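# Structural overview for review
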Amino acid sequence: MPSQTKKLQKKMKHAYVFPGQGAQAVGMGKDLYDNVPAAKELFEKANEILGFRITDIMFAGMPEELKQTKVTQPAVFLHSVIMAKALGVEPDAVAGHSLGEFSALVVAGALSFEDGLKLVSKRAQAMQAACEAQPGTMAAILGVDDKTVEEICASTEGVVVAANYNCPGQLVISGAVEAVDAACEKAKAAGARRALRLPVGGAFHSPLMEPAKQELEKAINDAPFQTPTCPIYQNVDAKPYSDPAAIKANLIAQLTAPVRWTYIVQNMLTDGVTEFTELGPGNVLQGLIKKVDAKATVESKSTL
């Protein structure tokens, strides 16, 4: 009997990938709203679900408004999902970076648009509350291998962990402010090309997100998940999943676990993906995928 990997290699060619928080920009999605009636309908439905006109902030708000976690996450989700629906092409595999995993699940049919948006909004509010209760930060470490950064985090007093494995030589750490600063100094001493704090509101993908994880767990377990139309490569272990129960468990674990993006891309390539399309604001994932494999075929689409 052929292995699951061989089955995936025969089937998969084109993957959709979705960005996370940080990709947002004022004006995102406005062309879709103005030119695609079905997209406008979804944006207006989102305004109703959220209870405020997020489109006003997305299209013409102040950058500081858009940077609020409770706004940013639904905004990036909406742009990504509505862009994918406007294209109307079914991918052979999907993945999303952190928040982008929710976009991927909706596009693959594991969650409805409405349920996906409600979970993203709940996640954003829970994460913002956790950030306010326990201040933290994140920092990018460039030019040091993953194992060295992991060892630095383990040897540093306080809460600091590897949070985003973005591409070879680029790892983001997360945790309490003093511990992150101390780890940055150790990374510089170990030969890091750069070790700098990121302009984020808290310690995402670290133990400091435990209160948010507990709050989101019930909402995820109560949401109706379906079997996706294609495999989703999930952040927690970079493996492909189709079973709704496993997808839910991984989604809950994601808040305090690292994003293993480097390994997601490597696994997708191994399993037969030949083209990647990044959907949503920005082109951060396009750059990261190219750093994992310079020969990969990647495009970014934020407008039609």
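The structure contained in this document is the topic of the report that follows.

Rules and cut-offs
Residues numbered from 1 in each chain as written. Predicted model: local features only at pLDDT ≥ 70, side-chain atom pairs only at ≥ 80, totals over all residues. Heavy atoms only, no water. Helix = DSSP H or I, 4+ residues; strand = E, 2+ residues; numbered from the N terminus. Buried < 20%, exposed > 50% of the residue type's maximum accessible area, 1.4 Å probe, protein only. Areas by Shrake-Rupley, 256 points an atom, 1.4 Å probe, with all protein chains shown as cover. Lys, Arg positive; Asp, Glu negative; His and termini not counted. Charge placed at Lys NZ, Arg CZ, Asp CG, Glu CD. Phe/Tyr/Trp six-rings, centres within 6.5 Å; stacked < 30°, edge-to-face > 60°. Pairing = 2+ DSSP bridges. Axes fitted to C-alpha atoms, helices over the stretch in contact; angles between N-to-C directions. Contact = heavy atoms within 4.5 Å. Parallel < 35°, antiparallel > 145°, perpendicular 65-115°, else oblique. Left-handed = near helix turned anticlockwise from the far one by under 90°.

### So, the overall build of the protein
- The helix and strand tally for the protein stands at 14 helices and 10 strands.
- Taking the principal axes of the C-alpha coordinates as reference, the protein spans close to 55 × 50 × 35 Å.
- Classification of the 304 residues of the protein by burial places 53% in the buried group.
- Accessible area of the protein: about 12800 Å², with a carbon and sulfur share of 51%.
- Distance between charge centres in the protein, computed from 30 positive and 33 negative side chains, equals 4 Å.

### Notes on the packing of aromatic side chains
- For the structure on display, the rule yields six aromatic pairs.
- Measuring from ring centre to ring centre gives 5.3 Å for Tyr33 and Phe59, while their planes differ by 65 degrees; the resulting arrangement is edge-to-face. Highlighted residues: Tyr33 in helix H2 (residues 30-35) and Phe59 in helix H4 (residues 54-60), separated in sequence by 26 residues.
- Residue classification places Tyr33 among the buried residues on the basis of a relative accessible area of 15%.
- Put simply, the rings of Tyr33, Phe43 and Phe59 touch in pairs and so form one group of aromatic residues.

### With respect to the sheet that holds strand S4 (residues 160-167)
- Ordered in space as S4-S5-S3-S6, the four strands form an open sheet in which the pairing is antiparallel. Edge positions in the sheet fall to S4 and strand S6 (194-197), since each of these pairs with one other strand and no more. In this sheet, neighbouring strand axes are inclined to one another by 20 degrees on average, regardless of whether the strands run parallel or antiparallel.
- Strands S4 and strand S5 (170-175) of the sheet are contacted by helix H14 (residues 284-292), whose axis makes an angle of about 85 degrees with S4.

### Examining the packing of helix H3 (residues 37-50) against helix H8 (residues 113-133)
- For the pair H3 and H8, the least separation of the axes is 11 Å and the interaxial angle reads 45 degrees. Regarding the angle of H3 to H8, the classification is oblique. As H3 runs across H8, the sense of the crossing is right-handed. Packed against H3, whose contacting residues are Leu42, Lys45, Ala46, Ile49 and Leu50, the element H8 presents Phe113, Glu114, Leu117, Lys118 and Ser121 at the interface.

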